[in-house]
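Chain and residue survey
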Amino acid sequence: MENAIRRDAGMWNGSQEDLGQLVCGSRQGLKHKLQHFRGQYLRPEELVALQLATGGRHVVSEMARQLGGVFLMMPPAAVDLDNQDLLLQVNHMHAELGHLLETMNEFVRNDGVIDGDEKSALDQQGHEVYAQILRFLALTYRVYGTPEVVDEVNAEHGEARPL
């Protein structure tokens, strides 16, 4: 989780002090909480603020992964999608699946077995493929679904609130 928090914070284009002010209410707050100075940690609402400010979704993706799920970043419901958007998603799925299969073949070709580190790498890539498939399905429902289906998909995936 710590790496995910740091990756989200690293996406900020300004100074860490400015991000700290925005997320924690003080210029040194984020620094102290990332270092766990005097036992400090980021609160859940600060993690949300961090992701909204930076555009990163590493924390929520890691939380979902640890809980056996997948976080799907969806375009806002107001964005009109079409078949071209679905084709783009198919290409992403195909590329992710191809990368997973290449990696799997390489691991087996090396020594005929999959060790613990290789399993972790394959699990991570498999998680990415799974997320791409779920995103494709959700986008397909938004393009071709009845109004009731579109409303259901939008309710399931919600929309990020601006800061």
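Everything in this summary refers to the structure shown in the same document. (Residues numbered from 1 in each chain as written. Predicted model: local features only at pLDDT ≥ 70, side-chain atom pairs only at ≥ 80, totals over all residues. Heavy atoms only, no water.)

A separate point is the overall build of the chain. The secondary structure content of the chain amounts to eight helices and zero strands. Counting from the amino terminus, the chain carries its helices and strands in the arrangement α-α-α-α-α-α-α-α. Taken over the C-alpha atoms alone, the chain extends approximately 50 × 45 × 25 Å along its principal axes. Out of the 163 residues belonging to the chain, those deemed buried represent 29%. The contacts in the chain between residues at least 6 apart in sequence include a share of 61% that link residues at least 24 apart. Element-wise, carbon and sulfur atoms account for 54% of the exposed surface of the chain, whose accessible area totals about 10400 Å². (Helix = DSSP H or I, 4+ residues; strand = E, 2+ residues; numbered from the N terminus. Buried < 20%, exposed > 50% of the residue type's maximum accessible area, 1.4 Å probe, protein only. Contact = heavy atoms within 4.5 Å. Areas by Shrake-Rupley, 256 points an atom, 1.4 Å probe, with all protein chains shown as cover.)

This part is about the side chain of His127. On the secondary structure map, His127 appears in helix α7 (residues 116-144). Setting aside chain neighbours within four positions, we find His127 in contact with Arg65, Gly69 and Val70.

What follows is about the packing of helix α1 (residues 2-10) against helix α5 (residues 58-66). The geometry of α1 relative to α5 is characterised by a closest axis approach of 8 Å and an angle of 160° between their N-to-C directions. Overall, the two elements α1 and α5 adopt an arrangement that is roughly antiparallel. Between α1, through Ala4, Ile5, Arg7 and Asp8, and α5, the contact on the second element is made entirely by His58, Val59 and Glu62. A per-class count over the contact of α1 with α5 returns three nonpolar, one polar and three charged. (Axes fitted to C-alpha atoms, helices over the stretch in contact; angles between N-to-C directions. Parallel < 35°, antiparallel > 145°, perpendicular 65-115°, else oblique. Nonpolar A, V, L, I, M, F, W, Y, C, P; charged D, E, K, R; others polar.)

Positive phi values are uncommon outside glycine, yet His36 reaches one of about 55°. For His36, the position within the fold is in the loop between α3 (29-34) and α4 (44-54). Positioned with a positive phi, Arg38 is a non-glycine residue whose angle comes to about 50°.

On to α1, then. Turning to α1, its buried residues are Ala4, Ile5, Asp8 and Ala9. With its buried residues spanning 135° around the axis, α1 presents them on a single face. Opposite the packed face of α1, turned more than 90 degrees from it, sit the exposed residues Asn3 and Gly10. Those residues of α1 that are buried lie in contact with α2 (16-24), α3, α4 and α5. (Arc of directions from axis to C-beta.)

This next bit is on a nonpolar patch on the surface. A cluster of nonpolar side chains, contributed by Leu97, Leu101, Met104, Val108 and Ile114, occupies part of the molecular surface with about 380 Å² of accessible area. Looking at the secondary structure, you find Val108 in helix α6 (residues 83-111). The class of Val108 is partly exposed, set by a relative accessible area of 37%. (Patch = residues over 30% accessible without salt bridge, like charges linked within 9 Å, V, L, I, M, F, W, Y side chains within 5 Å. Salt bridge = Lys/Arg side-chain N within 4 Å of Asp/Glu carboxyl O.)

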